[in-house]
Amino acid sequence: MSTAPNTALLDAAPGCCVVLDDRGRFTYVNQAAAALLARPREELVGTVAWDAFPDAVKSAFFEQFERMNESGHVTFEEYLEPLNLWLEVDARATSDGIVVWFHDTSKVRRAEEATRLILEQLPTIVWTTDTELTFTSVGGGGLAELTPTSRARQGTGRAERRA
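Residues numbered from 1 in each chain as written. Predicted model: local features only at pLDDT ≥ 70, side-chain atom pairs only at ≥ 80, totals over all residues. Heavy atoms only, no water.

Notes on unusual backbone geometry
- With phi around 60°, A38 is a residue other than glycine that occupies positive phi space.
- Turning to its location among the elements, A38 is positioned in the loop between α2 (31–37) and α3 (41–44).
- One non-glycine residue with positive phi stands out, namely L133, at about 65°.
- If you trace the backbone, L133 turns up in the loop between β6 (126–129) and β7 (135–139).
- Judged by relative accessible area, which is 28%, L133 ranks as partly exposed. (Helix = DSSP H or I, 4+ residues; strand = E, 2+ residues; numbered from the N terminus. Buried < 20%, exposed > 50% of the residue type's maximum accessible area, 1.4 Å probe, protein only.)

Right under this line is the structure:
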């Protein structure tokens, strides 16, 4: 059976996809992945991923791929320093390697960081809660003014406060 239709399908996919063999060599890189990784796919195919991106060995990429030996599937988000990118990764083991889907989450990460920095400058306290009214985040320059009693209430929802 020919793999050409599968390759054409993966090339047309909007997400980034790479396939690694059991030795960690790139056997397939779609166009979106090559563009995001800023390398021609011809340069990557046949290369060991850790050789192409040695900084990834020192990051969660290596740990997560090692963990995949146990579960067969991992999802994680990690910063790839040489490319200044935050990537959300979904990797799945196959009978002869790993299929890795990923996308750039850098804009979201930078917006979250900018929001955090702005909130730290506010002289007030800003918070978010979930549907149970449990605090999910607290920020703002006014946090320094919290008393020990009010700090103890962080992370408690309506039900816990009634009890």
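Concerning the nonpolar core
- By size, the foremost hydrophobic cluster in this structure holds 27 residues, and its most contacted members are F26, V100 and F102.
- Residue assignment for this core shows that the elements contributing at least two residues are β1 (16–21), β2 (26–29), α2, α4 (49–52), α5 (60–71), β3 (73–80), β4 (85–94) and β5 (97–104).
- Among all residues touching F102, those that are not within four sequence positions of it are G15, C16, C17, V18, A33, L36, L37, L87, E88 and V89. (Core = buried A, V, L, I, M, F, W, Y, C linked by side-chain atoms within 4.5 Å. Contact = heavy atoms within 4.5 Å.)

Details of the pattern of salt bridges
- This structure, assessed with the given rule, holds five salt bridges.
- The shortest N-O distance in the salt bridge between R25 and D21 comes to 2.6 Å.
- Overall, D21 belongs to the buried group, its relative accessible area being 12%. (Salt bridge = Lys/Arg side-chain N within 4 Å of Asp/Glu carboxyl O.)

Topic: α5
- Taking 1.5 Å of rise per residue, 12 residues should cover 16 Å, and α5 covers 16 Å from first to last C-alpha, within 8% of that figure.
- Considering only its buried residues, α5 is in contact with β1, α4, β3, β4 and β5.
- After α5 finishes, the residue G72 shows a positive phi value of roughly 80°. (Expected span 1.5 Å × (residues − 1).)

Concerning the packing of aromatic side chains
- Summed over all chains, the structure comprises five aromatic pairs.
- On the numbers, 5.9 Å between centres and 55° between planes, the contact of W50 with F65 is tilted. Of this pair, W50 sits in helix α4 while F65 sits in helix α5, placing them 15 residues apart in sequence.
- On the basis of relative accessibility, which here comes to 11%, the residue F65 falls in the buried class.
- Centre to centre, the rings of F61 and F76 are 5.4 Å apart; their planes meet at 80°, and the pair counts as edge-to-face. In this pair, F61 is assigned in helix α5 and F76 in strand β3, connecting sequence segments 15 residues apart.
- One aromatic cluster in this structure is built from W50, F61, F62, F65 and F76. (Phe/Tyr/Trp six-rings, centres within 6.5 Å; stacked < 30°, edge-to-face > 60°.)

Some points on the side chain of Q64
- As for its position among the elements, Q64 is in helix α5.
- Discounting residues that sit within four places of it in the chain, Q64 has contacts with V74 and F76.

Regarding the pairing of β5
- Sheet topology places β1 next to β5; six bridges connect them, and they run antiparallel. Following the sheet pairing, V18 is matched in β5 by V100.
- By the bridge criterion, eight bridges tie β4 to β5 in an arrangement that is antiparallel. Residue pairing for β5: D90 is matched across the bridge by W101.
- Where β4 folds back on β5, the antiparallel hairpin that results is connected by two residues. (Pairing = 2+ DSSP bridges.)

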